[in-house]
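Reading the structure
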Amino acid sequence: SAKKLSRASAQGFIQTSGTGPAKKNPAMVPLQPYLGGVTAEQLWPLNNVVMGVWVLLAVAPTARITTVVTRIVALMYAVLYIWTLPLQLARGAFPPPVDGDMFALKNINAFFEMGPATVYPAWVHYLCFDMWVGWWIAQDAAGLGIPRIATLPCLFFTLMLGPTGLFLYAMLRSIYSNFLLPDKPKVA
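Summarised in this report is the structure supplied together with it. Model, not experiment: these values are computed from the prediction.

Right, let's get into the environment of Leu127. Secondary-structure assignment places Leu127 in helix 6 (residues 116-144). Residues Leu127 and Val50, 77 residues apart in the sequence, show an inter-C-alpha distance of 7.2 Å. In this structure Leu127 touches Asn47, Val50 and Tyr77, once residues within four positions along its chain are discounted.

And the structure:
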């Protein structure tokens, strides 16, 4: 059950199959709560707030409420990030780098294998930055006169695949500003 798995992950275990017992993962450190005793599992539902922002970006990109809500939610995620990651790093949640290179793929992978307390802030990082890029796309497209319907695929891919959506928008922006909007200034 989810409760059983949550308890197992909090004790430094991972589930390797749907039916077998949880097995110890030597890379995971016991889940420690953040300030105030809150755990990553308790904070996880806050991630759903971002979906409301994406709906606003799709249906009302230039509305004042969209800008206000986007900024508030982005700041909320920034605070969550600041509150969660540094505390885990201070507790030694980041494993010592192998071969002295903390940015080597194997060292980044070891960080993500340490469990929910380190994965949660990383996920908040993605949510916050992808949402902010989506907001910029919506604002920039409206300012250039690019039809909202044309930006929807870019927003979707920014939500789901971050840089892919940004790339698609850069291509769309270039096509519209250089070929389809002749009275607008040319942009790269």
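Past the structure itself, the notes keep going.
Moving on, we come to helix 3 (residues 49-59). Among all positions in helix 3, only Val50, Val53, Trp54 and Leu57 are buried. End-on view of helix 3: buried residues confined to an arc of 100°, all on one side of the axis. Residues Val55 and Val59 are exposed on helix 3 and point more than 90 degrees away from its buried face.

Quick look at the side chain of Asp140 now. Tracing the chain through its elements places Asp140 in helix 6. On the accessibility criterion, Asp140 (15% relative accessible area) is buried. Residues within four places of Asp140 in sequence aside, it is in contact with Tyr169 and Arg173.

Below, the discussion takes up the nonpolar core. Ranked by internal contacts, the top residues of the largest apolar core, which has 30 residues, are Leu57, Tyr77, Tyr120, Met131, Ile146, Tyr169 and Leu172. At the level of elements, helix 2 (40-43), helix 3, helix 4 (64-90), helix 6, helix 7 (148-161) and helix 8 (163-180) are the ones that each hand at least two residues to this core. With eleven residues, the top contributor of residues to this core is helix 6. The residues contacting Leu57, other than those within four sequence positions of it, are Thr66, Thr70, Met131, Gly134, Trp135, Ala138 and Leu155.

Thresholds, definitions, all that
- Residues numbered from 1 in each chain as written.
- Predicted model: local features only at pLDDT ≥ 70, side-chain atom pairs only at ≥ 80, totals over all residues.
- Heavy atoms only, no water.
- Helix = DSSP H or I, 4+ residues; strand = E, 2+ residues; numbered from the N terminus.
- Contact = heavy atoms within 4.5 Å.
- Buried < 20%, exposed > 50% of the residue type's maximum accessible area, 1.4 Å probe, protein only.
- Arc of directions from axis to C-beta.
- Core = buried A, V, L, I, M, F, W, Y, C linked by side-chain atoms within 4.5 Å.

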